[in-house]
Amino acid sequence: MAEASRWHRGGIPQPNLHLIKEVEIRTTLQELLLFFIFLIDLCILTFGMVNPHMYYLNKVMSSLFLDTSVPGDERTNFKSIRTITDFWKFMEGPLLEGLYWDSWYNDNKLYNLKNSSRIYYENILLGVPRVRQLKVRNNTCKIYSSFQSLMNECYAKYTSENEDMSDFGLKQDTEWKYSTPSISIPWHWGFVGVYRNGGYSFTLSKSKSETQSKLVNLRLNSWITRGTRVIFIDLSLYNANVNLFCIIRLVAEFPATGGILTSWQFYSVKLLRYVSYYDYFIASCEITFCVFLIIFTIQEAKKIKNFKSEYFKSIWNWLELLFLVICFVAIFFNSYYNIQIFLLLGQLLKTTKNYSDFYFLAYWHSYYNNTIAITIFFAWIKIFKFISFNKTMSQLSSTLSRCIKDIVGFAIMFFIIFFAYAQLGFLVFGSQVDDFSTFQNSIFAQFRIVLGDFNFAGIQQANHILGPIYFITFIFFVFFVLLNMFLAIINNTYSEVKADYSIGRRPDFELGKMIKKSYNNILEQLKLKKPQQDENTNMQSGDLTEQARRGGFDKNEIRSAEQMKKWKERLEKKYYSSEIQDDYQPVSQQEFRDLFLYAVELEKELLYIHLKLNRVMTKVSALPY
């Protein structure tokens, strides 16, 4: 409703307030219907990207390569690797057995070994797997003078500056020679470092016996050294039954502290996107999404042109702009991803004897998937823009807008105490409790404590004195005091808003009433429902007139009162609104005349009442006591 005053300030004459309401109602319903169609299209598009088989394919592959134990040692698998010996046992045991499926359970040959391996008999191994390591140079860290006599070698943590690029060992094959990294392939973010591509790599053979002999040779010639900081095992699979690619990366990090930290990545992606009729239907939804995006962009551009700086004063307009930006980012990722598939997929499938690097495509697919997930999230949030006309939602938005200053002040106080406890926990328990091993972990651990998920035994064991003191005081100040203070701010503001609504301060219209009114109008136009007549109003008006006559009022007084009532209703209908009561409203000459006459009549009524009161007081004073 405040848009009417903005139109006036821009030089556009203000139409009748009732017509503005009708236009706003019609526009709101049209925008809601258009956005509802867009939301359906986006939901179909996003759910069409996700296949339930993706989860099962990742699960079965992770079970094969992560949970399979080393023969003769049931406690050792990839997840539990802690030493170099355990790593070689995994390479020569579960990894070797999981990669080569050359016969059925009754020892019958399934296919020609020259083609490719069939993991679980259904998943084609694309090309051959690759094993790659990154190393650091010796003397990349400084040894304290008192210990220089005890050790003459020092290998720091991995950085691109500390990386070793010289040949080592036998210096014959590629596994002993450094290969330069590719610019286009993304870096890997591990537990203790960020690793780039390149390094010392070798590919496995299509023959199980050849691969086994090669692994034994590398183990005997110490391919893993003290300078080794990370080893990557990469392979790619394709399941034609569900048209899914599975890109697998197993990572073993060798931190400078010693030991091994293992991690893994399983990407099940649909690189061949348009195969079935349903896939082409999803493609049509993508085109529809782009069309809607163009329409929404044009609408927002028109609003910015009309309202100029006033446009940026609404939080919903900022949300709309953010939503459009995310949509364009999603389209960019999708376009780049499809172009790369078109350029690289054919070449990768041809290299059956070499490693097929599908990790690059899976990496960009994950970016696109994350972006489209954020897009659908904001699309659902945008629905609040339309249902805010509802009484309940209006109360909620009014509550949040009123208490925002109190919440900001509370947040400052809350996070001062919260970060103080986080740093205390990190410094006291960080070296012994995993939840407090970093400052970031300490912050998340405290949020978990607030939600009831905590490890009190570990805290108490780390420090028998400060542990219980930290825990009890944190629970008292943060959980019992600060959180209840936050709830008190919300409850107090909500009570005020609800009290205002109870005395009539509420939106001029609600979405439910708008839809109901439009529905009734359609039924009346189709003659499926009789028009509702305002019989109650006429009856009440007649009853009031009859009561006035019985009360001794003459015809002129009744006529004057009815005229004043009509003026009042007309003027209230035009000028009173909870949304524009602070805005400047111009009046025409005729409207000024009506207002003047209304004021004159009010003055006459006040004078008449004053005279009556004087007469009553005179009679009362004349009465004998």
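Per chain, the residues get numbers from 1 upward, laid out in the order the sequence is written. Reporting of local features is limited, given that this is a predicted model, to residues whose pLDDT is at least 70; pairs of side-chain atoms are given and counted only at 80 or more, and all residues count toward the totals for whole chains, interfaces and linings. Side-chain numbers come from the whole structure's heavy atoms, not from hydrogens or water.

**What to know about the overall build of the protein**
Definition in use: Helix and strand assignments come from DSSP, with helices taken as H or I runs of at least 4 residues and strands as E runs of at least 2, each series counted from the N terminus. Only protein chains enter the accessibility calculation, which uses a 1.4 Å probe; a residue whose area is less than 20% of its type maximum is buried, one above 50% is exposed, and one in between is partly exposed. In this analysis, two residues are considered to be in contact whenever any of their non-hydrogen atoms come within 4.5 Å of each other. Per-residue and other accessible areas were derived by the Shrake-Rupley procedure at a 1.4 Å probe size, with only the shown protein chains allowed to occlude residues.
Helix and strand counts for the protein stand at 18 helices and 8 strands. Evaluated residue by residue, the protein yields a buried proportion of 39% over its 625 residues. A separation threshold of at least 6 residues defines the contact pool for the protein, and within that pool the share at least 24 residues apart is 67%. Put simply, the protein shows about 37,900 Å² of open surface, and 61% of that area lies on carbon and sulfur atoms.

**Describing the pairing of strand S7 (residues 244-253)**
Successive side chains on a regular strand alternate, one facing one side of the sheet and the next facing the other. Where we set the bar: A strand pair is defined by DSSP finding two or more bridges across the two strands.
Within S7, 10 of the 10 residues are buried, which leaves the element mostly enclosed by the surrounding structure. Of the two faces of S7, the one carrying Leu244, Cys246, Ile248, Leu250 and Ala252 and the one carrying Phe245, Ile247, Arg249, Val251 and Glu253 are both buried. Pairing of strand S6 (residues 228-239) with S7, which is carried by 10 bridges, proceeds in the antiparallel orientation. Following the sheet pairing, leucine 237 is matched in S7 by cysteine 246. For S7 and strand S8 (residues 261-269), the ladder comprises 9 bridges, and the chain directions are antiparallel.

**Looking at the pattern of salt bridges**
Applied cut-off: Should a side-chain nitrogen of Lys or Arg be within 4 Å of a carboxyl oxygen of Asp or Glu, the pair is scored as a salt bridge.
Considering all chains together, one arrives at 16 salt bridges under this definition. Among the salt bridges present, the one from glutamate 31 reaches lysine 303, with a minimum N-O distance of 3.9 Å. Taken together, the residues glutamate 31 in helix H2 (residues 17-49) and lysine 303 in helix H6 (residues 277-307) connect sequence positions 272 residues apart. Relative accessible area serves as the criterion here: at 25%, glutamate 31 is assigned to the partly exposed category. Salt-bridge contacts for glutamate 92 lead to arginine 219; the nearest nitrogen and oxygen are separated by 2.6 Å.

**Observations concerning the environment of phenylalanine 266**
Structurally, phenylalanine 266 can be placed in strand S8. Residue class for phenylalanine 266 comes out buried when judged on its relative accessible area of 15%. In this structure the C-alpha to C-alpha distance between phenylalanine 266 and leucine 57, which are 209 residues apart in sequence, comes to 9.1 Å. Setting aside residues up to four positions removed in sequence, phenylalanine 266 forms contacts with Asn58, Met61, Ser62, Leu66, Ile247, Ile248 and Leu250.

**Quick notes on the packing of aromatic side chains**
Formally: Classification of ring pairs rests on two measures: the distance between centres of Phe, Tyr or Trp rings, Trp counted by its six-membered ring, which must be within 6.5 Å, and the angle between planes, read as stacked under 30 degrees, edge-to-face over 60 and tilted in between. The criterion is that NZ of a Lys, or CZ of an Arg, lies within 6 Å of the ring centre and within 35 degrees of the ring normal, and then a charge sits over that ring.
Applying the stated rule across the entire model yields 56 aromatic pairs. For the pair tyrosine 311 and phenylalanine 312, a centre-to-centre distance of 5.3 Å together with 85 degrees between the ring planes defines the contact as edge-to-face. The ring centre of phenylalanine 168 lies 3.5 Å from the NZ or CZ of lysine 135, which sits over that ring. The lysine or arginine in question, lysine 382, covers the ring of phenylalanine 296, its NZ or CZ lying 4.8 Å from the ring centre.

**Details of a nonpolar patch on the surface**
Test applied: Patches draw on residues past 30% relative accessible area with no salt bridge. Two like charges within 9 Å are joined, as are two nonpolar side chains (Val, Leu, Ile, Met, Phe, Trp, Tyr) within 5 Å.
Taken together, the side chains of Met413, Phe476, Phe477, Phe479, Phe480, Val481 and Met485 present a nonpolar region at the surface, about 610 Å² in accessible area. Broken down by element, the residue count for the nonpolar patch peaks at 6 residues, all from helix H14 (residues 466-502). Checked against the element boundaries, methionine 485 lands in helix H14. On the basis of relative accessibility, which here comes to 35%, the residue methionine 485 falls in the partly exposed class.

**Here we look at the state of the cysteines**
Definition in use: Criterion for a disulfide: a pair of cysteine sulfur atoms at a distance within 2.5 Å.
Tallying each qualifying case throughout the model produces 1 disulfide. Between the sulfur atoms of cysteine 141 and its disulfide partner cysteine 154 the distance amounts to 1.4 Å. Measuring handedness by torsion sign, the sulfur bridge of cysteine 141 and cysteine 154 sits at about -105 degrees and is left-handed. Pair noted here: cysteine 141 is in the loop between strand S2 (123-135) and strand S3 (188-189) and cysteine 154 is in the loop between S2 and S3, with a separation of 13 residues, a long-range link. Residue classification places cysteine 141 among the partly exposed residues on the basis of a relative accessible area of 27%. By relative accessible area, cysteine 154 is classed as buried at 10%. The thiol of cysteine 327 is unpaired, and the distance to the nearest cysteine sulfur, on cysteine 290, comes to 9.6 Å. Assessed through its relative accessible area of 0%, cysteine 327 is described here as buried.

**Focus on the nonpolar core**
As a reminder, the rule being used: To form a nonpolar core, buried Ala, Val, Leu, Ile, Met, Phe, Trp, Tyr and Cys residues must be joined to one another through side-chain atoms within 4.5 Å.
Counting residues in hydrophobic clusters, the biggest one holds 44 residues, and the most contacted among them are Phe38, Leu42, Phe245, Ile247, Leu271, Phe358 and Leu361. For this core, the secondary structure elements donating two or more residues are H2, S7, S8, H6, helix H7 (315-350) and helix H8 (359-381). Setting aside residues up to four positions removed in sequence, isoleucine 247 forms contacts with Leu235, Ser236, Gln265, Phe266, Tyr267, Val269, Phe358, Tyr359 and Ala362. Among the nonpolar cores identified, the runner-up in size contains 42 residues, and Ile81, Trp88, Leu96 and Leu204 belong to it.

**Structural notes on the confidence of the model for the protein**
So the rule is basically this: A residue's pLDDT is the predictor's confidence in that residue, given on a scale from 0 to 100.
Looking at the protein, the pLDDT average stands at 81 and 80% of residues meet or exceed 70. S7 holds the highest mean pLDDT among the elements of the protein, 94, whereas helix H1 (residues 2-9) holds the lowest, 37. Counted against residues more than four places away or in other chains, residues 1-15, with its pLDDT under 50, gives 29 contacts. Below pLDDT 50 for its whole length, residues 534-540 participates in 0 contacts with residues either more than four positions away or in separate chains.

**Comments concerning the packing of H7 against H8**
To keep things clear, this is the line we draw: With axes taken as lines fitted to C-alpha atoms, and helix axes fitted only over the stretch in contact, angles between N-to-C directions fall between 0 and 180 degrees. The cut-offs work like this: below 35 degrees is roughly parallel, past 145 is roughly antiparallel, 65 to 115 is roughly perpendicular, and the gaps in between are oblique. Left-handed describes a crossing in which the near helix is turned anticlockwise from the far one by less than a right angle; the clockwise case is right-handed.
One can describe the packing of H7 onto H8 by two numbers: an axis separation of 9 Å at closest approach and a directional angle of 155 degrees. By the angle between their directions, the pair H7 and H8 is classed as roughly antiparallel. The hand of the H7/H8 crossing is left-handed.

**Re unusual backbone geometry**
Of note, asparagine 139 is a non-glycine position whose phi angle comes to about 60 degrees, a positive value. For asparagine 139, a relative accessible area of 54% corresponds to the exposed category. Here the phi dihedral of lysine 308 falls at roughly 55 degrees; this positive angle occurs in a residue that is not glycine. Topologically, lysine 308 is positioned in the loop between H6 and H7.

**Comments concerning the packing of H6 against H7**
Keep this limit in mind: Residue polarity is assigned by list, with Asp, Glu, Lys and Arg as charged and Ala, Val, Leu, Ile, Met, Phe, Trp, Tyr, Cys and Pro as nonpolar; anything else, Gly included, falls into the polar class.
As a packed pair, H6 and H7 sit with axes 11 Å apart at the nearest point and diverge in direction by 145 degrees. Where H6 crosses over H7, the handedness of that crossing is left-handed. Here Glu286, Phe289, Cys290, Leu293, Phe296, Thr297, Glu300 and Ile304 of H6 lie close against H7, whose contacting residues are Glu320, Leu321, Leu324, Cys327, Phe328, Ile331 and Asn334. When the residues that make up the contact of H6 with H7 are grouped by side-chain class, the tally is 10 nonpolar, 2 polar and 3 charged.

**So, H6**
Where we set the bar: Given a helix with a known number of residues, its expected span is that number minus one, times 1.5 Å.
Compared with an ideal rise of 1.5 Å per residue, which puts 31 residues at 45 Å, H6 spans 45 Å between its outermost C-alpha atoms and is within 8% of the ideal. Among the residues making up H6, those that are buried are Asp279, Ile282, Ala283, Cys285, Glu286, Phe289, Phe292, Leu293, Phe296, Glu300 and Phe307. Positive backbone phi, approximately 55 degrees, marks lysine 308, located one or two places after H6.

**Re the environment of serine 366**
Within the element layout of this structure, serine 366 appears in helix H8. For serine 366 and serine 268, which are 98 residues apart along the polypeptide, the C-alpha to C-alpha distance reads 9.8 Å.

**As for the environment of methionine 165**
Within the element layout of this structure, methionine 165 appears in the loop between S2 and S3. Sequence-wise, methionine 165 and glycine 199 are 34 residues apart; in three dimensions their C-alpha atoms are separated by 7.4 Å. Other than its neighbours up to four places away in sequence, methionine 165 contacts Tyr178, Arg196 and Tyr200.

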